[in-house]
Amino acid sequence: NNEKSVPQLLIRDLKFENKSLAKLMFSPDQENHPSKAPVKYGELIVLGYNGSLPNGDRGRRKSRFALFKRPKANGVKPSTVHIACTPQAAKAISNKDQHSISYTLSRAQTVVVEYTHDSNTDMFQIGRSTESPIDFVVTDTVPGSQSNSDTQSVQSTISRFACRIICERSPPFTARIYAAGFDSSKNIFLGEKAAKWKTSDGQMDGLTTNGVLVMHPRNGFTEDSKPGVWREISVCGNVFSLRETRSAQQRGKMVENETNQLQDGSLIDLCGATLLWRTAEGLSRTPTVKHLEALRQEINAARPQCPVGFNTLAFPSMKRKDVVDEKQPWVYLNCGHVHGYHNWGNKEERDGKDRECPMCRSVGPYVPLWLGCEAGFYVDAGPPTHAFSPCGHVCSEKTTAYWSQIPLPHGTHTFHAACPFCAHQLAGEQGYIRLIFQGPLD
């Protein structure tokens, strides 16, 4: 098996000349634009799901959630501040028909801040609760889990009313994020143990138990993106450096020159799930599922072959993204050589985990390749030339390079890079590998 005698094919060498690809680059929103289409503020996409939840998207539980301008504004803004001497007095103040935030300072004192209707903004709430005030129900992401049964046994660390996003109803439709959401009685309640304080202008502010962390990328969400710094967002939308651990009592330092305004590509971590915010404008520049499908067909049309069995390989359709197909390409993660499935080089003493590549004899994991189908995670529209390691999710080179640099919060005080399509922690020197396909011998 002399490597040099075999025609090798890097996907980037394929000429993507298909004229229809240029048309497919535009988002479906632009293709058929009825004049009265509702204004879309943006979308939240949960990391770890490759286009849909394992058991399918249902109602408010799904892998991505679009925020549209509401028929009628439902935003709120702070108004009157009451200082109550007893919790009973505080309860009396917090009227069921009015939004309010209660800060319990001690058994003897609670501060209640009433919120009034704001006709200029729309409010969207995110959390684990299925109660009606929550617009987008998010549960804990279990890396690589293919069914929801895997996730139920985990004790959730996501708050029932985790956060709220307030969008301006007029251009440029600015979206801002705040920790905590209002419950069914329109109240946010920060108990004695929650970190809270009086601000310099006499207002109250606080943090939620496990916190809401946000990272804004530098250079937007483009092929030039670089990771930003993780910050914590308070109940009033102020920005702080991280606490020592997720639920420490001591807040971080206030970061004066940063805001809670979401940008295209901002990441929101709810301690158990991480969401990617894409603006409507950003999504219009992102490849569509149609575009990814065209790239899949281009690869398959090049008829890459297995250098051992000489059988033609093909990526399965996006609908069959969880079942290993007999034509499925497999890769040796240490060298990037792509094969069909075979039993060559299976070393019993290595627990069957590591295999020897027949092309170059390098030893390492051998895994099936899957196309990354969630278009919102792509930073560019490049061809699928690289795969994340160790999961084998395939996307463009710049997309793998970007996500492999991002430290995602994990547990209460660690961070690690993970594949956006399945949330598996990345392994190896870079966390991804360039794929080397073999072209047909004829």
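For the structure itself, consult the block above.
Let us look at the structure shown here.

Analysis parameters
Residues numbered from 1 in each chain as written. Predicted model: local features only at pLDDT ≥ 70, side-chain atom pairs only at ≥ 80, totals over all residues. Heavy atoms only, no water. Pairing = 2+ DSSP bridges. Helix = DSSP H or I, 4+ residues; strand = E, 2+ residues; numbered from the N terminus. Buried < 20%, exposed > 50% of the residue type's maximum accessible area, 1.4 Å probe, protein only. Contact = heavy atoms within 4.5 Å.

**Looking at the sheet that holds strand 20 (residues 338–339)**
Sheet strands line up and pair through hydrogen bonds in the backbone, either parallel or antiparallel. Spatially, four strands are ordered 20-19-22-21 in an open sheet, and the strand pairing comes out antiparallel. Edge strands, defined here as strands with exactly one partner in the open sheet, are strand 20 and strand 21 (354–356). Note: strand 19 (residues 330–332) against strand 20, two bridges, orientation antiparallel. Pairing of tryptophan 330 across the sheet is with histidine 339, part of strand 20.

**Notes on the pairing of strand 5 (residues 100–106)**
Along strand 5, five of the seven residues are buried, which leaves the element largely enclosed by surrounding structure. Examined bridge by bridge, strand 5 and strand 6 (residues 109–118) share six bridges and lie antiparallel to one another. If you follow serine 102 over to strand 6, its bridge partner there is valine 112. The antiparallel hairpin formed by strand 5 and strand 6 contains two residues in its connecting segment.

**Considerations on the side chain of threonine 399**
Checked against the element boundaries, threonine 399 lands in helix 6 (residues 397–404). On the basis of relative accessibility, which here comes to 0%, the residue threonine 399 falls in the buried class. Contacts of threonine 399, omitting those with residues within four sequence positions, involve Phe377, Tyr378, Val379, Asp380 and Phe388.

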